[in-house]
Amino acid sequence: MRVVLSIGGSSINPEGKPDIEFLRKMAKMLKESKHEFGIVTGGGSIARAYANAARELGAGEYDADSIAIVSTKQNAHIVIAALGGAAHPNVPATFEQARTAFDGHKAVVMGGTIPGITTDSDSALLAEAIGAKRLVNISNVEGIFDSDPRKNPNAKKFATLSYDQLIALAAESDKRTAGTHFVFDMLACKLIARSKIETHFVSCRNMKDIAEAIEGKKHGGTVVR
Ligand code: UTP
């Protein structure tokens, strides 16, 4: 079975450099799995730093996004390095390229694609393109909460949500001020809803949760179905 993993830049590169331990553990788990993986890597703080620097230097939003995409691709290359021969050695630029890249490989790893979207949407589109019915979103938060857990210590985590509930939460979050951002962007929410892609939200700090999510089993994060 094909499973898509969306690995946030903050998981790959939490403090300005790649987290070798995390990458080793992920690679070991994926290589031992019976599944095939379409993987999308985010850009994290490095992408944001470069996009902001470009804006300060006068670049427009299209070019700021294009620079950020380079960071997502750099992270794709480091995941490929961790996976060794199990992954296709190239980072596909499009979903069409991604779906022909399995070709005997267990994993295909890509970064961002076009300006104006995020790797949340890329991962949902990749799932549609390669026919994956399960998506695992790995980030530095443990799931989806009813309010921001970094600001509200009483925030409640959802164990399960329907697609409509997820879309309602994303819409609610859109109304908040700049700088707050929902775990999964609206386009991505709508894409997983239209294709009924079971989507799991788990923390990069909990390998057991990641492994359970890949199998579609119960875990400590949130599942949307
Ligand atoms: P993400 O925002 O998806 O990476 O991409 P992240 O920060 O690792 O994700 P989260 O926060 O953990 O979910 C980084 C930036 O790259 C550009 C956007 O500027 C985005 O904010 N990008 C990414 C694109 O323009 N297009 C893409 O397809 C992907």
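Rules of the game
- Numbering of residues begins from 1 in every chain and follows the order in which that chain's sequence is written.
- Only residues with pLDDT of at least 70 get local features here, since the model is predicted, and only at 80 or more are side-chain atom pairs given and counted; chain-wide, interface and lining totals rely on the full set of residues.
- Hydrogens and water molecules were not included; the side-chain quantities draw on all heavy atoms of the structure.
- Any residue with a heavy atom positioned within 4 Å of a molecule or strand is treated as near that molecule or strand.
- Pairs of N or O atoms are called polar contacts if they sit within 3.5 Å, as long as, within protein, a hydrogen donor faces a hydrogen acceptor (for residues adjacent in sequence, only side-chain-to-side-chain pairs).
- What sets the accessible areas is the Shrake-Rupley method with a 1.4 Å probe; for residues, cover comes only from the shown protein chains.
- Classification used: nonpolar for Ala, Val, Leu, Ile, Met, Phe, Trp, Tyr, Cys and Pro, charged for Asp, Glu, Lys and Arg, polar for all others including Gly.
- Numbered from the N terminus, helices here are DSSP runs of H or I no shorter than four residues, and strands are runs of E no shorter than two.
- Working definition: with a 1.4 Å probe on protein chains only, accessible area under 20% of the residue-type maximum means buried, over 50% means exposed, and in between means partly exposed.
- Contact definition: two residues touch when any of their heavy atoms are within 4.5 Å.
- One requirement defines pairing of two strands: DSSP has to find at least two bridges between them.

**Q** Just give me the short version of the site of the ligand, but keep the residues and values in it.
**A** The local shell around the ligand holds 22 residues, among which Gly9, Asp65, Ile114, Thr119 and Asp122 are the closest. Contact distances for the ligand include 3.1 Å between an oxygen atom and a backbone N or O atom of Gly43. Between Asp65 and the ligand, the recorded distance is 2.6 Å, taken from a side-chain N or O atom to an oxygen atom. Across the complex, the protein chains shield 86% of the 580 Å² of accessible surface that the ligand would expose by itself. Its residues assigned to classes, the shell around the ligand comprises 6 nonpolar, 12 polar and 4 charged.

**Q** Account for the environment of Arg2, with residues named and values stated.
**A** Along the chain, Arg2 falls in strand E1 (residues 2-7). Given a relative accessible area of 24%, Arg2 falls into the partly exposed group. What Arg2 contacts, discounting residues up to four positions off in sequence, is Glu36, Phe102, Ile130, Ala132 and Lys133. Polar side-chain contacts of Arg2 include one of 2.7 Å to the side chain of Glu36.

**Q** Give a description of the pairing of strand E3 (residues 107-110) that names residues and reports values.
**A** Along E3, one buried face is formed by Ala107 and Val109 and the opposite face, lined by Val108 and Met110, is buried too. Sheet topology note: the strand E2 (residues 36-41)/E3 ladder contains 4 bridges and is parallel. Its bridge partner being in E3, Val40 is matched across the sheet by Met110.

Nothing here speaks to function; it is all geometry.
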